[in-house]
Amino acid sequence: MTTNYAPLLTMPKPESSKSDRDLQDEVIRYLADARARKKSSAELPLSPEQAQKAEKFGRFLARRYYRDRLARSFRYSRMFSSAIGRTAEQVVDGEFFQDFLNECVMGSLEAAQRVGQMAVMHMSNVLEPGVWWEELLAYEQAFFLQAATAEAESRTDIPRRGRSAVSCAFRWNLPEILTRLKSAQNIGNDLKKDVLLLFSRTAGGNIYVVEMEGSSELIWRHTDGARNVDQIASAVSLPVKTVQDTLQALSQIGAVVLPPR
Amino acid sequence: MPSILEGRISIGAFYNPHLAGELLRAGDLIGHLAMADPPASDDAAFPYIRDRFPLLLHDYLGQLSDPLSPHALDRARQLQDLYRSPWVAEHFQCLHTQDHERTLDYVFPPLYTEEFLQRFEANARVLRDTVGAPLVMENIPGFFSLEHAQMSEAEFLRRFFDDTGCGFLLDLPHVWLAAHYSGIGAQEYLKDFPLEKVVELHVAGVELDRDLEGPWIAPTAPPGDILDLALWVAERAPKLRAVTFDAFSPSLTEETVLRSVVATRRAFGLN
């Protein structure tokens, strides 16, 4: 064994029976969960001094994570940063975020909901660049929910919605607004249109935003985690095969979780 | 498709899609581009980028502490088909739990133990065989330590490279930070590292971080310390082929990228 790095090295505790990989998982959970760090580090081979450093590192990771996800998700409103003097990611440097860092479970849906709300509040109190501003922020908040939720889906016995999947009704044609923003075109009243968008993410982290209408919207609305396929078909008055096909398509974009075959 | 020339050190950067036009206009200044993310479907500049620069596959392919899924391996193969990278990079990291319930979403090293060494070696071989290209592995710094290590980082790396024949992607800001937080100099920290295995170097800046109350990696130009260290390593790394300015961020500016590449080229006497 090399001894040049003595401050970083000690021999393993002989009484430990868990695998090193399992121990690494415990360390990851500890770093990701501020509440776990508050309780105790006694279960981990961490000296009090190193536990203090781990606490700093956990806060660093969370702040970095949400800054990154906010920047990626609120990228259209960011185009107006010079006009409104704000960006969504500024919230991670704010006073409220300190409290959040003391409590958050990084990557959890609950944490993503809290940070998304903080960002929208921060970006709302400005001279609005257009009457569609509030809807743009709602779009970006729903997108952020997908980008910042990293929890795995648990197994299920009946169809249910993906953990972060959410549908939002808009009074403006958001997909077309984004296209015009990207190409610096004017946004006029011609883009006033009711659209229902479904936001979801896959286990691999791909984010989807799709427009829903007709039977898919009906089936999504009735996939509530309480009904099986037959019950959904009955509730929406559609053939079971149609419901199965639609649920399969929704599961491929992470909007729905299906029981294992 | 362009390639990195044998017998010369290429100085390059990461592909930042928002700077595609500037990268294409930079002439011969930039020798290669590392790809941290696949090109977006609406990235109209990427075909020109691919025609113009040798590309290095440096995506997140999966953590090699665990077996890669068939999907992850398939994705790695597809990316390599797209880039034709002379080597493919991954990291000595273990950042998400086995059940995928929690992730740190950022560089985090494994415990340096026999078990992890075996896991990394087995999974690296599978990835290398799948992509059909040499694999290089990047060192990852730790900020705190657990009383569980069975060997030093240097020994872990040396044994891994000796056993697998993989190449070494030495990230110098990572080394600088690991040395800093160990309370020793960077050259001293590198004393037992297998520098003869180094194929690529990463350079970048470091900045004070409020949470860490100390320095950490930053998407800024490499300071003199890092470039001096790069030269010191290059003199001991006969297989070195590329030095890459390691920064990718939507907020990164053309000025920072070009200034960093110019400074690196100058340090290597290539301007």
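Here the structure is a predicted model, which means the values were calculated and not measured.

Moving on: the overall build of chain A. Looking only at helices and strands, one finds eleven helices and five strands in chain A. Each principal axis of the C-alpha atoms in chain A carries an extent, and together these give about 70 × 50 × 30 Å. The burial tally for chain A puts 35% of its 261 residues in the buried class. When contacts within chain A are restricted to residue pairs at least 6 apart in sequence, long-range pairs at least 24 apart make up 65% of them.

Now for the overall build of chain B. Within chain B, the regular secondary structure consists of nine helices and ten strands. Over its C-alpha trace chain B gives a radius of gyration of 18 Å, about what one expects of a compact globule, namely 18 Å for 271 residues. With the principal axes as the frame, chain B shows a C-alpha extent of 50 × 40 × 40 Å. Of all 271 residues assigned to chain B, the portion counted as buried reaches 51%. Long-range contacts, defined as pairs at least 24 residues apart, comprise 71% of the intrachain contacts of chain B with a sequence gap of at least 6.

Once that is clear, we can look at the confidence of the model for chain B. Any residue range with low pLDDT should be treated as having predicted coordinates unsuitable for detailed reading. Scored by pLDDT, chain B comes out at a mean of 96, with 100% of its residues at no less than 70. Both scores are given for the predicted complex: the pTM is 0.90, the ipTM 0.94.

Moving on to the domain arrangement of chain A. All names here are of chain A. Annotation of chain A at the domain level lists domain 1 (19–151) and domain 2 (152–261). One C-alpha centre belongs to domain 1, the other to domain 2; they are set 25 Å apart. With 17 residues of domain 1 at the interface, the matching set in domain 2 holds 18 residues. Where the side of domain 1 that touches domain 2 is concerned, the elements lending two or more residues are α6 (109–124) and α7 (133–148). When residues of the side of domain 1 that touches domain 2 are assigned to their parent elements, the largest contribution, nine residues, is made by α7. Within the side of domain 1 that touches domain 2, the residues separate by chemical class into twelve nonpolar, three polar and two charged.

Before going further, it helps to examine the interface of chain B and chain A. For an interface, size is often stated in terms of accessible area lost upon the parts coming together. Facing the 42 residues of chain B at the interface are 41 residues of chain A. The set of elements that each furnish at least two residues to the side of chain B that touches chain A consists of α4 (114–131) and α5 (153–164) of chain B. Looking at the side of chain B that touches chain A element by element, the count peaks at three residues for α4 of chain B. Residues of the side of chain B that touches chain A, tallied by class, amount to 15 nonpolar, 14 polar and 13 charged.

Attention shifts here to the environment of N16 of chain B. Residue and element names in this part refer to chain B. By the secondary structure assignment, N16 is in the loop between β1 (10–14) and α1 (20–25). Take N16: there are 23 C-beta atoms within 10 Å of it, and that puts it in the buried class. Residues N16 and D171, spaced 155 residues apart in sequence, show a C-alpha to C-alpha distance of 19 Å.

Packed helix pairs are specified by the crossing angle of their axes together with the interaxial distance, meaning the distance between the axes. All names here are of chain B. In the contact formed by α4 and α5, the axes pass within 10 Å of each other and the chain directions differ by 35°. Here α4 runs over α5; the crossing is right-handed. Contact with α4, carried on its side by L117, F120, E121, A124 and R125, involves F156, R159, F160, D163 and T164 of α5 and no other residues of that element.

Right, let's get into the nonpolar core. With 144 residues, the main nonpolar core has L33 and A230 of chain B as its most contacted residues. Counting the residues that make up this core, at least three belong to each of domain 1 (19–151) and domain 2 (152–261) of chain A. When near neighbours in sequence (up to four residues on either side) are disregarded, A230 of chain B contacts L172, L201, V203, V243 and A267 of chain B.

We now examine the environment of G225 of chain A. Residues and elements named next belong to chain A. Of note, G225 is situated in the loop between α9 (214–222) and α10 (229–236). Separated by eleven residues in sequence, G225 and V236 place their C-alpha atoms 15 Å apart. Once you skip the residues sitting within four places of it in the chain, G225 turns out to touch I158, R160 and R161.

All names here are of chain B. Over its twelve residues, α5 extends 16 Å from the first C-alpha to the last, a length consistent with the 16 Å expected when each residue adds 1.5 Å. Listing the buried residues of α5 in full gives E153, E155, F156, L157, F160 and F161. Next to the buried residues of α5 lie α4, β5 (135–138) and β6 (167–171). Trailing α5 by a residue or two, G165 shows a phi angle of about 75°, which is positive.

All names here are of chain A. Sheet architecture is open: three strands sit in the order β2-β3-β4, paired in antiparallel fashion. The outermost strands of the open sheet, each flanked by one partner alone, are β2 (166–172) and β4 (207–211). Between one strand and the next, the sheet's axes are offset by a mean angle of 25°, whatever the strand orientation. Two elements, β2 and strand β3 (residues 192–201), share six bridges in a ladder whose sense is antiparallel. Each bridged residue has a counterpart across the sheet, and for F170 the counterpart in β3 is V195. Relative to the sheet, α7 contacts β2, β3 and β4, its axis offset from that of β2 by approximately 165°.

All names here are of chain B. Here four bridges tie strand β4 (residues 88–91) to β5, and the two strands are oriented parallel to one another. Opposite H91, over in β5, you have E138 as the bridge partner. For the crossover that starts at β4, traverses α4 and ends in the parallel β5, the hand is right-handed. Where β5 meets β6, three bridges bridge the pair, whose relative direction is parallel. Paired with M137 across the strands is F168, a residue of β6. As for the winding sense of the linkage, the β-α-β connection from β5 through α5 to β6 is right-handed.

Residues and elements named next belong to chain B. Most of β6 is tucked away: five of the five residues are buried. On β6, burial covers both faces: G167, L169 and D171 on one face and F168 and L170 on the other are all buried. The sheet contact formed by β6 and strand β7 (residues 198–203) spans four bridges and is parallel. From the neighbouring strand, F168 faces β7, where its bridge partner is V198.

Cut-offs and rules
Residues numbered from 1 in each chain as written. Chains lettered and ligands numbered in written order. Predicted model: local features only at pLDDT ≥ 70, side-chain atom pairs only at ≥ 80, totals over all residues. Helix = DSSP H or I, 4+ residues; strand = E, 2+ residues; numbered from the N terminus. Buried ≥ 20, exposed ≤ 12 C-beta atoms within 10 Å, placed from the backbone. Contact = placed C-beta atoms within 7 Å. Rg over C-alpha atoms; globule rule 2.2 N^0.38 Å. pLDDT = per-residue confidence, 0-100. Domains from an automatic or database assignment. Nonpolar A, V, L, I, M, F, W, Y, C, P; charged D, E, K, R; others polar. Axes fitted to C-alpha atoms, helices over the stretch in contact; angles between N-to-C directions. Left-handed = near helix turned anticlockwise from the far one by under 90°. Core = buried A, V, L, I, M, F, W, Y, C linked by C-beta atoms within 7 Å. Expected span 1.5 Å × (residues − 1). Pairing = 2+ DSSP bridges. Right-handed = clockwise from strand over helix to strand, strands pointing away.

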